[in-house]
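# Results of the structural survey
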Amino acid sequence: MRTTRTLIRRACLAAVAVSAALTLTACGGDSDDSASAKTSASANASAKTSADAHNDQDVSFAQGMIPHHQQAVEMAGMVDGRASSAEVKDLAARIEKAQGPEIETMTGWLRTWGEQVPETMPGMGHSAHSGMAGMMTGADMEKLKKASGKDFDTMFLTMMVEHHEGAVEMATTEKAKGESPAATAMAGDIVIAQNAEISEMKKLLGEN
């Protein structure tokens, strides 16, 4: 009888020990899951903060480059029916393809940052931005619009070289003083792409 009771007692103790071990494991799992969730949330918050990080220079860059790009796209849009050079037509198509999406991206930044988005419509407001590096005046744009053939090609290339040089100047400042990783990265792309196009246009003008 005593042997039977001993066996029963040992069985009960073993069951209690297993139960306790399972409970501790479960608690440990909950703790690990909680810690993992906290780490993930912290990483996400850090990534969001990094993505939103910006300073006044970033805002100035986006607010200035949007109308600058808009004017370049407007100039490129004049090529159809006016230009005689296939090279000029190809260049204009590339300018529209590159700068249109960049305008949308910069607009998105400003909205995310809670900053004002420039609302410059094609053909309007050139005088308001004529003091910006490389920007054409309203008179310049009207003169280009009235030109055609080789005269248009030469005028377009001459104006676009100046326009690109202004953009490169603005982008170089952004690279040096901006805080937003996305904005400074775009600025770097602008410097590379537009410097290459400046060289291309100067060759077409016979300057290189």
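Provided above is the structure to which this section pertains.
All values derive from a computational prediction rather than experimental measurement.

### Topic: the packing of aromatic side chains
In this description, a pair of aromatic rings is defined by centroid distance and the angle of the planes. Per the stated rule, a full pass over the model turns up 2 aromatic pairs. When the centroid spacing of 6.1 Å and the interplanar angle of 25 degrees are considered together, the rings of Trp109 and Trp113 count as stacked. Taken together, the residues span about one helical turn, with Trp109 and Trp113 both in helix H3 (residues 86–113) at a distance of 4 residues. The pair formed by Trp109 and Trp113 is uniform in burial state, with each residue classed as buried. Where Phe152 meets Phe156, the ring centres are 5.8 Å apart and the plane angle is 20 degrees; that geometry is what we call stacked. Residue Phe152 and its partner Phe156 are located together in helix H5 (residues 149–177), separated by 4 residues, close to a single helical turn. No difference in accessibility class separates Phe152 from Phe156, as the two residues are buried.

### Re the environment of Asn55
The topology assignment puts Asn55 in the loop between helix H1 (2–52) and helix H2 (56–77). Taking the relative accessible area as the measure of exposure, Asn55 reaches 21% and is therefore partly exposed. Taking C-alpha positions, Asn55 is 8.8 Å from Lys177, a pair spaced 122 residues apart along the chain. The residues contacting Asn55, other than those within four sequence positions of it, are Lys177, Gly178 and Glu179. A polar contact is formed between the side chain of Asn55 and the backbone nitrogen of Gln57, at a distance of 3.2 Å. One polar contact links the side chain of Asn55 to the main-chain carbonyl oxygen of Lys177, over a distance of 3.0 Å.

Cut-off values and rules
Residues numbered from 1 in each chain as written. Predicted model: local features only at pLDDT ≥ 70, side-chain atom pairs only at ≥ 80, totals over all residues. Heavy atoms only, no water. Phe/Tyr/Trp six-rings, centres within 6.5 Å; stacked < 30°, edge-to-face > 60°. Helix = DSSP H or I, 4+ residues; strand = E, 2+ residues; numbered from the N terminus. Buried < 20%, exposed > 50% of the residue type's maximum accessible area, 1.4 Å probe, protein only. Contact = heavy atoms within 4.5 Å. Polar contact = N/O pair within 3.5 Å; in protein donor to acceptor, adjacent residues only side chain to side chain.

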